[in-house]
Amino acid sequence: MAPFPPSQPRDRARRRGGLALALTLLVELACRRDEYTEPPELDADEHLLLTPRGNPEELLGRSVTPDSKGGYALSDERPPGCEVAIRRVPERWHRTYMQDIGKVAHVGTGQTPIGDLTAQFGKTMRIEADINNLEVLEADLRGCTGPVVSAVRVGTGKREIRANSEAKVEGHVKAKGVPVGAGAGKWRTVERALEWSDPQAWAFQVREAGGGNDGRVELVLMPEQVHDGDVFSVRILSARQVYLVVGFVSEHGNAGLLLPNGKQPLPMITAGGNVELTLKAALPKPGAASRDRFVLYAFSEQGDFDMFKPPAGSLDAATVAKYFEELPGKLASIPARRWTKTEGYLLIEP
């Protein structure tokens, strides 16, 4: 038999070496495909909703309380006196999340879905969600107290509820509510996945509201009914320092600006103070009763007052009426916590 050419054994060795290297790479790639990456948790002050909700605007300002069965409960409606101005912020992205069942929330009180699940499968549970977020609704709160919903995330996606396969929770060291070492193979789905294609609220953020009157300014008409020619007073009280714009608009088209004026170009009330205006009633049409609407805007920052105050100089009734008509739309550009509006009505009789 003829001997191999000198180079042939070396070529075979190269081929065997290349084959071994290829097999090694394939094994490594296969192992990488089997690896499981834990989805990140939401921020500490954010909570997944157990079930996505339509009408996300209605969630803003609702009270949030810990639930005795696990998770958090949102009140069925916004508490009385809690006012919300909404800002819509476009925020488009796709992410996956998980959250321990102890931080998940639902709407309403009484027997809860979270309580039923934890009773059946234990507290070592979590929700995994795949989300296409579209926008965030942020709330400027006024007159709200305690922990409330301050922002809502809106989007489409799907979620499933999973329980840890190892029932003995005490045998694990827990981190953020999830047992350490509980990888993909140790979690099992315990409820059918839920998927939604219409934009709905899927998570929310909690903030401790300021309480009290939240800087509310009070307008007091003394009295509420006068006759033509009567002298009467209007008193303004405030718990914090504010800058004032005050005027009136009658049902017959008459209007007037009371503050600011030539003598008080920068009308201000210090914290806990008050201002009293003395006025004389005058009917726009002699002999015809008139119902006048007094309007008060109070700004917590002088820069906002300077930006939105009325034009300087003597203003006619049409200009004043137009100013008060357009002002609410202009103020939508700044947070509602920096200004407040109060109205009062006065009946003037012949």
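All values reported here derive from a predicted model rather than from experimental measurement.

Calculation criteria
Residues numbered from 1 in each chain as written. Predicted model: local features only at pLDDT ≥ 70, side-chain atom pairs only at ≥ 80, totals over all residues. Heavy atoms only, no water. Pairing = 2+ DSSP bridges. Helix = DSSP H or I, 4+ residues; strand = E, 2+ residues; numbered from the N terminus. Phe/Tyr/Trp six-rings, centres within 6.5 Å; stacked < 30°, edge-to-face > 60°. Buried < 20%, exposed > 50% of the residue type's maximum accessible area, 1.4 Å probe, protein only. Lys NZ or Arg CZ within 6 Å of the ring centre and 35° of its normal. Salt bridge = Lys/Arg side-chain N within 4 Å of Asp/Glu carboxyl O. Core = buried A, V, L, I, M, F, W, Y, C linked by side-chain atoms within 4.5 Å. Contact = heavy atoms within 4.5 Å. Disulfide = S-S within 2.5 Å.

1. Here we look at the pairing of strand β14 (residues 231-238)
Turning to step 1, where the next piece is worked out: Relative to β14, strand β12 (residues 217-222) is paired through six bridges, and the arrangement is antiparallel. Each residue of the ladder has a partner; that of Leu-219, found in β14, is Ile-236.
Turning to step 2, where the next piece is worked out: Where β14 and strand β18 (residues 274-280) come together, seven bridges link them in antiparallel fashion. In the sheet register, Val-231 faces β18, and the bridge partner there is Lys-280.

2. What to know about the packing of aromatic side chains
Turning to step 1, where the next piece is worked out: According to the stated counting rule, one finds eleven aromatic pairs in the structure shown.
Turning to step 2, where the next piece is worked out: Here Tyr-297 and Phe-324 contribute two aromatic rings whose centre-to-centre distance is 6.4 Å and whose plane-to-plane angle is 15 degrees, an arrangement assigned as stacked. Here Tyr-297 is found in strand β19 (residues 290-299), whereas its partner Phe-324 is found in helix α4 (residues 317-331), with 27 residues between them in sequence.
Turning to step 3, where the next piece is worked out: Owing to a relative accessible area of 1%, Tyr-297 belongs among the buried residues under this scheme.
Turning to step 4, where the next piece is worked out: Classification of Phe-324 as buried rests on a relative accessible area of 7%.
Turning to step 5, where the next piece is worked out: Joined through ring pairs, the aromatic side chains of Tyr-243, Phe-299, Phe-305 and Phe-308 make up one cluster.
Turning to step 6, where the next piece is worked out: Cation over ring: Arg-95 sits above Trp-93, and NZ or CZ is 4.3 Å from the ring centre.
Turning to step 7, where the next piece is worked out: The aromatic ring of Trp-187 is capped on one face by Arg-126, whose charged end is 4.2 Å from the ring centroid.

3. Comments concerning the pattern of salt bridges
Turning to step 1, where the next piece is worked out: Counted under the stated rule, the structure contains 16 salt bridges.
Turning to step 2, where the next piece is worked out: By sharing partners, the salt bridges in this structure join Arg-126, Glu-128, Glu-160 and Arg-162 into a single network.

4. Observations concerning the nonpolar core
Turning to step 1, where the next piece is worked out: Judged by nonpolar contacts, the single largest core of 24 residues is most densely connected at Phe-232, Val-234, Ile-236, Leu-244 and Phe-294.
Turning to step 2, where the next piece is worked out: When residues of this core are traced back to their parent elements, those giving at least two are β12, β14, β15 (242-250), β16 (255-259), β18, β19 and β20 (339-349).
Turning to step 3, where the next piece is worked out: When residues of this core are assigned to their parent elements, the largest contribution, four residues, is made by β15.
Turning to step 4, where the next piece is worked out: If we skip the residues at most four places from it in the chain, Ile-236 touches Val-217, Glu-218, Leu-219, Leu-244, Val-246, Ile-269, Gly-273, Asn-274, Val-275 and Leu-296.

5. Concerning the state of the cysteines
Turning to step 1, where the next piece is worked out: For the structure shown, the criterion picks out one disulfide.
Turning to step 2, where the next piece is worked out: Across the disulfide, Cys-82 is cross-linked to Cys-144 (sulfur-sulfur distance 1.9 Å). Torsion about the S-S bond of the Cys-82 and Cys-144 cystine: about 80 degrees, corresponding to right-handed handedness. Placement of Cys-82 in the loop between β3 (72-74) and β4 (83-100) and of Cys-144 in the loop between β6 (125-142) and β7 (145-164) is noted, with a sequence separation of 62 residues between them.
Turning to step 3, where the next piece is worked out: On the accessibility criterion, Cys-82 (9% relative accessible area) is buried.

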